[in-house]
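Listed here are the chains, written in short residue letters.
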Amino acid sequence: MISERYIKMLGAMLRGSGTSLEVFFLTLLFAIPVALPIAMGRMSKNKGLSFITNVFLLVIRGTPLMLQLLVVYFGPGLFIRWLNDLGYDITFRWNRFAAAIIALSINYAAYFAEIYRGGIESIPKGQYEACKVLGYTKAQTFFTIILPQVIKRIVPAMGNEVITLVKDTALVAVIGVSELLMVAKERQGALFSFMPLFIAGVFYFFMNWVVSVVFRRLEKKLSYYN
């Protein structure tokens, strides 16, 4: 019969799993659409906009995600403290979960943007010229002709990044968000058992298996573009 402490462990780990899933889905919800304007800025003929976007991408992709989590969580508080030292009276409270979502969304938007850019630039220029001859506007050309082809081409790369995101949700523990791996470590110490870490590993494996299946089916569904 399962002891009461193991039942409590499973309950805590289920709650931790729920937090990990929330982080995962909310990050995708914000990062996927935000990445498109970043990609367009990267490819812009406006040198100023392109330069700023390039610097942004270089900073985000060139620094550890863990550091970005710490900066997003602690940075605003330090800035407010500096303003208060200057004589301003500002009260600020930062939510750990919100900081985690913002940091992850910014990070993954940068990576998704480069995937989008690669997909967009892989489309032959002749297609743009053909659309122009047929009387399509730039918006019609992009959203009805170019974007569907881009989606098909970037699905494998996007799948890899989403699988990485499943594992990166564990990093939010660095700012105190009680996700699955953090709960597993706490329960391991309390129970002197490897079982909590094993259960956490099974969860991450199952999540990545589901993501792999979803993207594999998506590739097959879009195969008519080949």
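Heads up: the structure comes first, above all this text.
Heads up: these notes are all about the structure in this document. (Residues numbered from 1 in each chain as written. Predicted model: local features only at pLDDT ≥ 70, side-chain atom pairs only at ≥ 80, totals over all residues. Heavy atoms only, no water.)

**Some remarks on the side chain of S105**
Link 1 in the chain: Along the polypeptide, S105 turns up in helix α4 (residues 96-121).
Link 2 in the chain: The exposure class assigned to S105 is buried, which follows from its relative accessible area of 9%.
Link 3 in the chain: Polar side-chain contacts of S105 include one of 2.7 Å to the backbone oxygen of I101.
Link 4 in the chain: In this structure, S105 is in contact with L26, T27, F30 and A31, ignoring residues within four places of it in sequence. (Helix = DSSP H or I, 4+ residues; strand = E, 2+ residues; numbered from the N terminus. Buried < 20%, exposed > 50% of the residue type's maximum accessible area, 1.4 Å probe, protein only. Polar contact = N/O pair within 3.5 Å; in protein donor to acceptor, adjacent residues only side chain to side chain. Contact = heavy atoms within 4.5 Å.)

**Topic: the side chain of S17**
Link 1 in the chain: Inspection of the secondary structure puts S17 in helix α1 (residues 4-43).
Link 2 in the chain: In this structure S17 touches L180 and F203, once residues within four positions along its chain are discounted.

**Side note on helix α2 (residues 47-62)**
Link 1 in the chain: Compared with the 22 Å implied by 1.5 Å per residue over 16 residues, the 22 Å span of α2 between its first and last C-alpha is a close match.
Link 2 in the chain: If you check which residues of α2 are buried, you get S50, T53, L57 and I60. When α2 is viewed along its axis, its buried side chains cluster within an angular range of 100° and face the same direction. Pointing more than 90 degrees away from the buried face of α2 are the exposed residues K47, F51, I52, L58 and G62.
Link 3 in the chain: One side-chain oxygen of the residue at the start of α2 lies 3.0 Å from the amide nitrogen of G48, identifying that residue as N46. (Expected span 1.5 Å × (residues − 1). Arc of directions from axis to C-beta.)

**What to know about the packing of α2 against α4**
A pair of packed helices is captured by two measures, namely the crossing angle of their axes and the spacing between those axes.
Link 1 in the chain: Packing of α2 against α4 brings their axes to within 9 Å, and their N-to-C directions diverge by 115°. Along this stretch, α2 crosses α4, giving a crossing that reads as left-handed. Facing F56, L57, I60 and R61 of α2, the residues of α4 in contact are I106, N107, A110, Y111 and E114.
Link 2 in the chain: Among the residues forming the contact of α2 with α4, the class breakdown is six nonpolar, one polar and two charged. (Axes fitted to C-alpha atoms, helices over the stretch in contact; angles between N-to-C directions. Left-handed = near helix turned anticlockwise from the far one by under 90°. Nonpolar A, V, L, I, M, F, W, Y, C, P; charged D, E, K, R; others polar.)

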